[in-house]
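Understanding the architecture of this molecule
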Amino acid sequence: MPSLAIDCKTEMGREPMLVHLDADAQVFEAPTDAHPSTAWWRSAVFYEVYIRSFQDSNGDGIGDLRGIEQRLPYLQQLGVDALWITPFYPSPMADFGYDVADYTAVDPSFGTMADFDRLLQAAHDRDIRIVIDMVLNHTSDAHPWFAESRSSRTNPKRDWYIWRDAQPDGSPPNNWTTFFGGSAWAWDETTQQYYLHLFLDRQPDLNWRNPEVIAAVDDVLRFWLDKGIDGFRLDAINFLIKHADFPDMPVVTNATGGDLVQYHVHVNNQPELHPLLQNVRRVLESYPGERVLIGETGTLKAPELAEFYGADLDEIHLPMIVLPLHTPWQAAAMRQCLLEFYAGLPPGATPHFVFSNHDDKRLITRYGYEQHRSIAVLLLTLLGSPILYYGDEIAMCDMFIPLEKRVDTAGLIDPDTYPGRDPNRTPMQWDASQHAGFTPDTVEPWLPVNENRSTINVAVQAAAPDSTLTFYTTLLHLRRDSRALRVGSIRFLEETGDVLAYVRTFGDERLLIAINFGSGSPILDLSELADQAHCVLSSTLQRPDAVALAAVALNAYESVVFKLGAGGT
Ligand code: ISL
Ligand code: CA
């Protein structure tokens, strides 16, 4: 193919912007260079399966373990390395499985333990790892531990949960509120005390200061490790242990002077948390193989995130980095945020980027349709082991759920201001049929199927060379085949308008990634990097094979992966 020869001055009327590599301080090395381990999770792509919504295998309108097994060929073809499966334990489903009533069994609505064993084996046969959710901050109020604990003040398990007397006027022991709103203390009539719940009142918090709780949970972890699972995703792990004295939380009025905002400083990341995490890690490491701990740490601050790895990298392997979720989709803001996180990582640590999940708006709803391929390019070409949320790969978006169909309690508390999490949990869209192949058309799915299923579905997109699914699949395979993308160092280019650009390097392989966040068409002079580049992937067009780096014109919202040729620095 001919090289791209744009005379920028005459054709476009503009000079190329000269872009320099940034200072050496902004080279971040692959963890493998600083650490001898080449464990699979350091470069894996994870995929979150929200089990209720992925695939129903038995026609009850609820996704299940056998459904996941049926879709393993799809996941393998897509090119993901590991699944995080949301909780499938017996549960009253007050929080759709995040209220666990038995840690070592399977809820009948999701299948049986035999189904889990089959899924694990079938996934391993396809080289797909399985990470399961572990909800350790709280149980369901239906858990037998809590039934015992609440039965009397003298029950041996009373101290497994957090019980406190009322204040003299009968009010709760302190001002702590839940993440769903309202006091975090629920009154128990029988025993005349309050118990603590940071989430729903049907999710009482365990007392992690009690060694019996630690021992009981160790047994739970061993139960699953014995089965051969590849790791745990530790739910809300930053809240596990509370300030010993239960002081009131600081409260401020929000920016508009209205509602009170509470900072949960006395439950977040307490110093006593870290020995507990080290203990979980020791249990994991008493097993052969490379198993992984992913942690939902809730933090938005780079220095705090670093703490979750452990001072000697002996706690969580992959604390989730969700900051991009809270960062405007702008080149400069994203660049700044990424630089802070990379700079804050302890040596040898692997960043684990999370852009979307079952608790937050979907990417397209958050950032707009025109950005969705750039989001994929960014997530899958950054140094680290990223995670995808089911359906992102076909450009699923949030769906408005009318009040009468809402099931997430969080969306019922203040329905006018917060729709809850149902909109981003709708069933996976496999085909264009009425229920999108998730469940038979004769069956009512647990949440409505998005009406855009006629075009936003796997069947249509798998057959279309220019679809989102094909783009994701290409990108995932590109990443799998490239050591530079999987474990290479990352070096950011200097700030350049709407373009975020960085170079990934491993040995002789150098890839340049340029993401245009804006609607303009900038022309960049990247000749400092090399004279020519080969376009490996573009989100918007077929580019000529060889590109002269002295004048690279980017389309609106275009993301490109270039393989750099010789020359440059
Ligand atoms: O507390 C938060 C912010 O400070 C929340 O983001 C919190 O970390 C998050 O809600 C925890 O989520 C997890 O645990 C919940 C469950 O409802 C979510 O689905 C799960 O992801 C309770 O188990
Ligand atoms: Ca089912």
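Read on for a plain summary of the structure. For clarity, every value in this text was computed on a predicted model and none was experimentally measured. (Residues numbered from 1 in each chain as written. Chains lettered and ligands numbered in written order. Predicted model: local features only at pLDDT ≥ 70, side-chain atom pairs only at ≥ 80, totals over all residues. Heavy atoms only, no water.)

1. Some thoughts on the overall build of the protein chain
The helix and strand inventory of the protein chain stands at 16 helices and 23 strands. By the compact-globule yardstick of 25 Å for 569 residues, the protein chain fits well, its C-alpha radius of gyration being 25 Å. Each principal axis of the C-alpha distribution contributes one length, and for the protein chain these read about 85 × 55 × 55 Å. Pairs at least 24 apart in sequence give 69% of the contacts found in the protein chain among residues at least 6 apart. Of the accessible surface of the protein chain, which amounts to about 21,400 Å², a share of 52% is contributed by carbon and sulfur atoms. (Helix = DSSP H or I, 4+ residues; strand = E, 2+ residues; numbered from the N terminus. Rg over C-alpha atoms; globule rule 2.2 N^0.38 Å. Contact = heavy atoms within 4.5 Å. Areas by Shrake-Rupley, 256 points an atom, 1.4 Å probe, with all protein chains shown as cover.)

2. Comments concerning the pattern of salt bridges
Counted under the stated rule, the structure contains 21 salt bridges. Aspartate 133 serves as the salt-bridge partner of arginine 233, at 2.9 Å between the closest nitrogen and oxygen. Placement of arginine 233 in strand 9 (residues 231–234) and of aspartate 133 in strand 5 (residues 129–134) is noted, with a sequence separation of 100 residues between them. Taken as a pair, arginine 233 and aspartate 133 share a single burial class, namely buried. Notably, a salt bridge pairs aspartate 141 with arginine 202, separated by 3.3 Å at the nearest N-O pair. With aspartate 141 in the loop between strand 5 and helix 6 (144–151) and arginine 202 in the loop between strand 8 (193–196) and helix 7 (211–227), this residue pair connects regions lying 61 residues apart in the sequence. Of the residues examined, aspartate 141 reaches a relative accessible area of 17% and is grouped as buried. Several salt bridges share partner residues, and in doing so they unite Asp95, Asp359, Asp408, Arg421 and Arg425 into one network. (Salt bridge = Lys/Arg side-chain N within 4 Å of Asp/Glu carboxyl O. Buried < 20%, exposed > 50% of the residue type's maximum accessible area, 1.4 Å probe, protein only.)

3. Focus on the packing of aromatic side chains
One pass over the structure, following the stated rule, counts 34 aromatic pairs. Between tyrosine 342 and phenylalanine 492, the aromatic rings sit 6.0 Å apart at their centres with planes inclined by 50°, giving tilted as the arrangement. Placement of tyrosine 342 in helix 10 (residues 331–344) and of phenylalanine 492 in strand 16 (residues 489–492) is noted, with a sequence separation of 150 residues between them. Given a relative accessible area of 0%, phenylalanine 492 falls into the buried group. Sitting over the ring of tryptophan 446, arginine 52 keeps its end group 4.5 Å from the ring centre. Between arginine 158 and the ring centre of tryptophan 163, over which it is positioned, the NZ or CZ distance is 3.6 Å. (Phe/Tyr/Trp six-rings, centres within 6.5 Å; stacked < 30°, edge-to-face > 60°. Lys NZ or Arg CZ within 6 Å of the ring centre and 35° of its normal.)

4. Observations concerning the packing of helix 7 against helix 8 (residues 273–285)
Relative orientation of the contacting elements helix 7 and helix 8 amounts to 35°, with a least axis distance of 10 Å. Relative to helix 8, helix 7 is oriented so that their crossing is right-handed. Across the interface between the two elements, Ile214, Asp218, Leu221, Arg222 and Leu225 from helix 7 touch Leu276, Asn279, Val280, Val283 and Leu284 from helix 8. (Axes fitted to C-alpha atoms, helices over the stretch in contact; angles between N-to-C directions. Left-handed = near helix turned anticlockwise from the far one by under 90°.)

5. A look at the pairing of strand 23 (residues 559–564)
Most of strand 23 sits inside the fold, with five of its six residues counted as buried. Pairing of strand 18 (residues 509–516) with strand 23 involves five bridges; the strand directions are antiparallel. Bridge pairing in strand 23 links alanine 514 to valine 560. Both strand 20 (residues 532–538) and strand 23 contribute to a ladder of five bridges, which runs antiparallel. Within the sheet, the bridge partner assigned to histidine 534 lies in strand 23 and is lysine 563. (Pairing = 2+ DSSP bridges.)

6. Structural notes on the sheet that holds strand 3 (residues 46–49)
Pairing within the open sheet is parallel, and its eight strands lie in the order 14-13-12-9-5-4-3-15. Looking at the sheet topology across the chains shown, the edges are occupied by strand 14 (352–353) and strand 15 (387–389). Sheet topology note: the strand 3/strand 4 (residues 82–85) ladder contains four bridges and is parallel. Bridge assignment links tyrosine 47 to a residue of strand 4, and that residue is leucine 83.

7. Description of the site of ligand 1
Surveying the vicinity of ligand 1 reveals 15 residues, the closest of which are Asp95, His138, Asp235, His358 and Asp359. Relative to its unbound accessible area of 510 Å², ligand 1 is 79% covered by the protein chains. Its residues placed into classes, the shell around ligand 1 shows five nonpolar, three polar and seven charged. (Near = heavy atom within 4 Å. Nonpolar A, V, L, I, M, F, W, Y, C, P; charged D, E, K, R; others polar.)

8. Focus: the nonpolar core
Of all hydrophobic cores here, the largest spans 146 residues; its most connected members are Phe46, Tyr47, Leu83, Phe88, Met134 and Phe232. When residues of this core are assigned to their parent elements, the largest contribution, eight residues, is made by helix 7. When residues of this core are sorted by domain, at least three fall in each of domain 1 (40–139 + 211–240 + 273–476) and domain 2 (144–196). If near-sequence neighbours (up to four positions away) are discounted, phenylalanine 46 is found in contact with Trp40, Trp41, Ala82, Val131, Val292, Ile294, Leu318, His352, Ser385, Pro386, Ile387 and Leu388. (Core = buried A, V, L, I, M, F, W, Y, C linked by side-chain atoms within 4.5 Å. Domains from an automatic or database assignment.)

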